[in-house]
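# Notes for the structure review
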Amino acid sequence: MTERERTQVRVGPVAEFRDGDRRIIDVGGTQVGVFRVDGRFVAYENQCAHQGGPVCEGQYYPRMEAVFDDTGRSLGERANYDVPHLVCPWHSWEYDIHTGEMVGLRGLKLRAFQTEQKDGDVYVIV
Amino acid sequence: MSPKQRPDFYDRSSVPTGNLLANARKQALARGLYDFPIIDVDAHHREDTASWQGLIPYIEDDAIRMFAEDVTRRESAAGMMGLEIRWHSNSGRIVRPGVNGFADSLSDDGRDPLVRRTIWAMDEMAIDYTILFPTAMLFLGLHPQPQVEAGLARAYSKWLTREILPQDERIKTMLYLPFNDPQAALRIVEDFSDDPAVVGFMVTSVRYKPVHSNEFAPIYAALQERNMPLAFHAAYNWNDQSLSLLNKFISAHALGFTTSNMVHLTNMLMNGIPERFPRLKLLWVESGLAWLPFMMQRLDNEYLMRTAEAPALTKLPSDYMRDMWYSSQPMERSAKQSVMEATFDIMDAERTLLYSSDYPHWDFDAPSTIYDLPFLTEDAKRRILGGNALDLFGFKAESSATPPDDDATVTATEHGEPVAPPIGP
Ligand code: FES
């Protein structure tokens, strides 16, 4: 796709987004969720790779990790809050919110859109 | 980093959301699913305590009714039916408007909230008719008091057919049969089979009476005579001796929802129930599809070696299985396409498979899961989504789902808490 064919859609002032805030916008019938995560913006189509559920309306859950000791014994499970997942509300498929990658099936990704910041506003390129 | 160290981010996790089934409606519109009949043979209602209070007056036994009145007033409906451990919502990850403590804002048209919520979900998914089953009764077969199982089943049948189903003819039922009391089960068949909304009967598969036992023969005969299907609805009993070895819900659910039906199906086959009741229509619900090639191969293989041990059979177990029906959900779609194709082929899915959503449960399937299968013809898709069910249940599709307005409902939640009171009494 050439530069000229891309549409820049204004999402809103950067200052209105705190870490974790999101906005879902409609671009010609396509819903796009724009999230501020760790200071940067990511944008995904509001359509889950599983059954097409509204993934951008899902909640954030930390990545869950199994803890083993050196001898191979299980010490339980812990939540790693440094790795937030976006969780689809339909059947809880989980995506790494930074990359849009499905965590149970690496390589499967949400449809992502580029974001840009200009003059204090955030834009999504569709 | 704990959530306390990162409060802002995770506090913004739950946002007010729009219509959570809007994407299902978009799928339905894009695929033309509103243009032909779709029958959902297994959807559920999660009865709140208020619903159960509605059916209590129909409990005939004084002692059970007094117990039920008290326990629902002071505790909850679960107190009379027995509690299961509720891992289903995956620690809150799954969101459904109007259930699990999440609010919705469905408009009040004077009908019972159960009817309004059911019709709303049907319209969003382009489902014309639904066969509704009560979630809380899936485990009632484990109740230690057979008289309570039978009393509640009968009260539910009366309440549902008198108060709920007359409110919308698009909602049908296969009524719960209390199989721990075969005579009470037979009475339900006799007393309710003429009701136009009753299209069959349901046995919950989590129970411990063998279904080939002679005490069930009168029930099978009565159903065969009436030409009404008998469905077996899978579930899991985490306290079952085998399943109790499993330390996770994912494990108990994945296995239990198949083994509970496998056991009953095997008993039915090896004891020749299809030979003794050749016109009895059997439907197996909510075990998905992947168990079917396994069962067909496994049982056929052993039958060929041990034909003498199953003398009631006149053909292969898999041949009988292709004379039964199966609901589609939760349809396993993770293998490569050829595996699914082989499954559809071995079970003769174009004839035996019936779409089910299981909505609003955590692993529900939208109709697009069937419609998007690339190896099915348009005719096969329509048969599985509706035609096979219309043939099996023998009713005519006279109404149709219509796509509702965009904002027909809103899941009003913030920070995981409902922001508006849930509808309903
Ligand atoms: S549609 Fe998103 S998890 Fe199923």
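From a predicted model like this one, the values you see are computed outputs, not experimental measurements. Per chain, residues are indexed from 1 in the order of the written sequence. Naming scheme: in the order in which they are written, chains are lettered from A and ligands are numbered from 1. This being a predicted model, a pLDDT of at least 70 is required before a residue's local features are given, and a value of 80 or more before pairs of side-chain atoms are given or counted; all residues contribute to the totals for chains, interfaces and linings. Where side-chain values are given, they derive from all heavy atoms of the structure, hydrogens and water being excluded.

## Here's the deal with the overall build of chain B
Note on conventions: DSSP H or I runs of at least 4 residues are helices, E runs of at least 2 residues are strands, and numbering of each starts at the N terminus. Check the secondary structure of chain B and you find 17 helices and ten strands. When the backbone C-alpha atoms are referred to their principal axes, chain B occupies close to 70 × 55 × 50 Å. Put simply, chain B has 425 residues, and 58% of those count as buried. In chain B, once contacts between residues fewer than 6 apart in sequence are set aside, the share between residues at least 24 apart is 79%. Each accessible area value is a Shrake-Rupley result obtained with a 1.4 Å probe; residue values ignore everything except the protein chains displayed when judging cover. Surface accessibility of chain B: about 17400 Å² in total, with carbon and sulfur atoms responsible for 51%. Within this scheme the basic residues Lys and Arg register as positive and the acidic residues Asp and Glu register as negative, but His and the chain ends are omitted. All charge positions are set by atom: Lys at NZ, Arg at CZ, Asp at CG, Glu at CD. Side-chain charges in chain B split into 40 positive and 58 negative, and the spacing between the mean points of these groups amounts to 3 Å. Only protein chains enter the area calculation, which uses a 1.4 Å probe; residues under 20% of their type maximum are buried, those over 50% are exposed, and those in between are partly exposed. Throughout, a contact is declared for two residues whenever any of their heavy atoms are within 4.5 Å.

## Structural notes on the sheet that holds strand β5 (residues 59–68) of chain A
Residue and element names in this part refer to chain A. By this definition, two strands are paired if DSSP reports at least two bridges between them. Strand order in the open sheet formed by three strands is β5-β6-β7, with antiparallel pairing between adjacent strands. Edge positions in the sheet fall to β5 and β7 (94–96), since each has one partner strand and no second. When the angles between neighbouring strand axes are averaged without regard to direction, this sheet yields 50°. Sheet topology note: the strand β6 (residues 74–87)/β7 ladder contains three bridges and is antiparallel. Opposite H85, over in β7, you have D96 as the bridge partner. Axis lines are fitted through C-alpha atoms, for helices just across the contact stretch, and the angle between N-to-C directions can take any value from 0 to 180 degrees.

## Observations concerning the side chain of N261 of chain B
Along the polypeptide, N261 of chain B turns up in helix α10 (residues 249–270). With near-sequence residues (within four places) excluded, N261 of chain B lies in contact with S205, F232, H233, A234, W284, V285, S287 and W291 of chain B.

## Focus: the interface of chain A and chain B
Opposite the 36 residues of chain A that make contact, chain B presents 34 residues. Buried surface area refers to the total accessible area, computed with a probe of radius 1.4 Å, that the two partners give up upon joining, counted for both partners together. For chain A, the biggest contributors to the area lost against chain B are Q51, Y81 and W90 of chain A; these three give 26% of the whole. Salt bridges are defined as contacts in which a side-chain nitrogen from Lys or Arg sits within 4 Å of a carboxyl oxygen from Asp or Glu. The interface formed by chain A and chain B holds three salt bridges in total. Among the salt bridges present, the one from R12 of chain B reaches D21 of chain A, with a minimum N-O distance of 3.8 Å. Two N or O atoms count as a polar contact when they lie within 3.5 Å, although within protein this holds only if one can serve as hydrogen donor and the other as acceptor, and sequence-adjacent residues are included solely when both atoms are side-chain atoms. Between the two partners, chain A and chain B, sit 23 residue pairs in polar contact (both at pLDDT 80 or more). Mapped by element, the contributors of at least two residues to the side of chain A that touches chain B are β3 (30–37), β5 and β6 of chain A. Counting residues per element, the side of chain A that touches chain B draws most heavily on β6 of chain A, at seven residues. Throughout this entry, Asp, Glu, Lys and Arg are counted as charged residues, while Ala, Val, Leu, Ile, Met, Phe, Trp, Tyr, Cys and Pro are counted as nonpolar. The remaining residues, Gly among them, count as polar. Split by residue class, the side of chain A that touches chain B holds 13 nonpolar, 13 polar and ten charged.

## Focus on the nonpolar core
Among the nonpolar cores identified, the biggest contains 151 residues, and L177, F201, Y220, F344 and F393 of chain B are the most heavily contacted of them. Of all the elements, helix α7 (residues 146–164) of chain B adds the most residues to this core, at eight residues. The contact partners of L177 of chain B, leaving out residues within four places of it in the chain, are E149, A185, I188, V189, F201, M202, V203, R207, I219 and L230 of chain B. If you look at the next biggest cluster of nonpolar residues, it comprises 13 residues, including V27, V34, A43 and V124 of chain A. Here, the term nonpolar core denotes a set of buried Ala, Val, Leu, Ile, Met, Phe, Trp, Tyr and Cys residues that are joined through side-chain atoms within 4.5 Å.

## A closer look at the pattern of salt bridges
Per the stated rule, a full pass over the model turns up 32 salt bridges over all chains. With a shortest N-O distance of 2.9 Å, R10 of chain A and D121 of chain A are connected by a salt bridge. Taken together, the positions of R10 of chain A in strand β1 (residues 8–13) and D121 of chain A in strand β9 (residues 121–125) put the pair 111 residues apart, joining distant regions of the chain. A single network of salt bridges, built from pairs that share partners, joins D108, D109, R111, R116 and D168 of chain B.

## Remarks on the environment of V126 of chain A
All names here are of chain A. Structurally, V126 can be placed in the segment after β9. The partly exposed category is assigned to V126, whose relative accessible area is 23%. In sequence terms V126 and Q114 are twelve residues apart; their C-alpha atoms lie 7.5 Å from each other. What V126 contacts, discounting residues up to four positions off in sequence, is R6, T7, V9, V27, V32 and F113.

## Topic: the sheet that holds β3 of chain A
Residue and element names in this part refer to chain A. Here we have six strands laid out as an open sheet, ordered β1-β9-β8-β4-β3-β2, and antiparallel in their pairing. Sheet topology places β1 and β2 (22–27) at the edges, where each strand pairs with a single neighbour. For this sheet, the mean inter-axis angle between neighbouring strands, taken without regard to orientation, is 30°.

## Looking at unusual backbone geometry
Residues and elements named next belong to chain B. In the segment running from Q329 into P330, the intervening peptide bond is cis, with an omega of -10°. Examined against the element boundaries, P330 turns out to sit in the loop between β7 (325–327) and α14 (337–346). In this chain, Y359 is followed by P360 through a cis amide linkage whose omega measures 5°. Its place among the elements puts P360 in the loop between β8 (353–354) and α16 (368–371). The residue N90 is not glycine, and still its phi comes out positive at about 55°. Tracing the backbone through its elements, the reader meets N90 in the loop between α5 (78–81) and α6 (113–125). For N90, a relative accessible area of 30% corresponds to the partly exposed category. A positive phi is found at D358, a non-glycine position, where the angle reads about 65°. For D358, the location among the structural elements is in the loop between β8 and α16. For D358, a relative accessible area of 0% gives the class buried.

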